[in-house]
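Chain and residue survey
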Amino acid sequence: MMGSKTLVITHSNFFADFIKNIIPDKNIVFHIVLNQGLNIKKKIIEHNPQIIILHLENFEFLDKEKIFAIHKEFKTIKLLIVGPKNPNYIEYFIKNGASSYLYEDATADELLTGYKNIKENKIIFSNKIAQILLKKTTNPGTNLTIKENQVLDLIKIGFNSDEIGLKLDCSSQTINVHKFNIRIKLNLKKNSELLRYALQS
């Protein structure tokens, strides 16, 4: 099959339709993920994209290490991430190969501009995201919040995300976000490293 220029990976039909309406490019193909990204590598090989638009509406949608392991294998692919308003997400994805990061509530104009910039090999961020990255560069403090320290203490005792959520009166998904933020602040790549850090602290 002839290589397609762009592969859109999302779990949302609404997002796929949104992209179809704002990007007038016939060389865009869509992959709706229903299984935590188990066949993403197969789709990348099948379509041979130059650009991937990766839509991450929520934390549990996709194993992030998986997509960036794939990105390391296909080094020439440029990634445009559309994700949550979480400064730690932005830093994480930029460190792991993303060419651009847009908030999930980005306007049609912002998405189209971001897409055009990536096609032209430009890396441009919105003013808000640029300010976040600048603050993290000039003041990269690693202090954990009170809630993050509570999560770390419960990990040390041996509780999983569901159990920690019950203890702290929040969802396991919220606990996973806290774990992700802790890992970013402590420069830990995997949950196994986070567990090891908790046990040694």
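Further up the page is the structure itself.
First, a word on what this report is: a plain description of the structure on this page. Remember, predicted model here, so these are calculated numbers, not experimental data.

A word on the packing of helix 8 (residues 161-168) against helix 9 (residues 172-186). Between helix 8 and helix 9, the least distance of the axes is 8 Å, while the angle of their chain directions is 105 degrees. In this view, helix 8 runs roughly perpendicular relative to helix 9, as classed from their interaxial angle. Across from Ser161, Asp162, Ile164, Gly165 and Leu168 in helix 8, the residues of helix 9 making contact are Ser172, Ile175, Asn176 and Lys179. Taken together, the residues of the contact of helix 8 with helix 9 break down into 3 nonpolar, 4 polar and 2 charged.

Among the structural elements, lysine 179 can be located in helix 9. Buried charged residue lysine 179 carries no salt bridge. Nearest counter-charge: aspartate 162, at 8.9 Å. For lysine 179, the contacting residues outside a window of four places in its chain are Val151, Ile155, Ser161, Asn191 and Leu194.

Since the α-helix packs 3.6 residues into each turn, any two residues three or four apart lie on the same face. Among the residues making up helix 1 (residues 13-22), those that are buried are Phe15, Ala16, Ile19 and Ile22. All buried residues of helix 1 project into a common sector of 140 degrees when viewed along the axis, lining one side. Exposed residues pointing more than 90 degrees away from the buried face of helix 1 are listed as Asn13, Phe14 and Asn21.

Moving on to the sheet that holds strand 2 (residues 28-32). Two orientations exist for strands paired in a sheet by backbone hydrogen bonds: parallel and antiparallel. Pairing in this open sheet of 5 strands is parallel, and the strands run 2-1-3-4-5 from one edge to the other. If you trace the sheet from one side to the other, it starts and ends with strand 2 and strand 5 (98-103), each paired once. The mean angle between the axes of side-by-side strands here comes to 20 degrees, regardless of whether they run parallel or antiparallel. Looking at chain direction, strand 3 (residues 51-55) and strand 4 (residues 78-83) are connected through 5 bridges and run parallel. Of the residues in strand 4, the one forming a bridge with isoleucine 51 is lysine 78. Contacts between helix 2 (residues 40-47) and the sheet are confined to strand 1 (6-10), strand 2 and strand 3, with strand 1 contributing the most and set at about 160 degrees to the helix.

Rules used in this analysis
- Residues numbered from 1 in each chain as written.
- Predicted model: local features only at pLDDT ≥ 70, side-chain atom pairs only at ≥ 80, totals over all residues.
- Heavy atoms only, no water.
- Axes fitted to C-alpha atoms, helices over the stretch in contact; angles between N-to-C directions.
- Helix = DSSP H or I, 4+ residues; strand = E, 2+ residues; numbered from the N terminus.
- Parallel < 35°, antiparallel > 145°, perpendicular 65-115°, else oblique.
- Contact = heavy atoms within 4.5 Å.
- Nonpolar A, V, L, I, M, F, W, Y, C, P; charged D, E, K, R; others polar.
- Buried < 20%, exposed > 50% of the residue type's maximum accessible area, 1.4 Å probe, protein only.
- Lys, Arg positive; Asp, Glu negative; His and termini not counted.
- Salt bridge = Lys/Arg side-chain N within 4 Å of Asp/Glu carboxyl O.
- Arc of directions from axis to C-beta.
- Pairing = 2+ DSSP bridges.

Without other data, these values stay purely geometric and don't point to any function.
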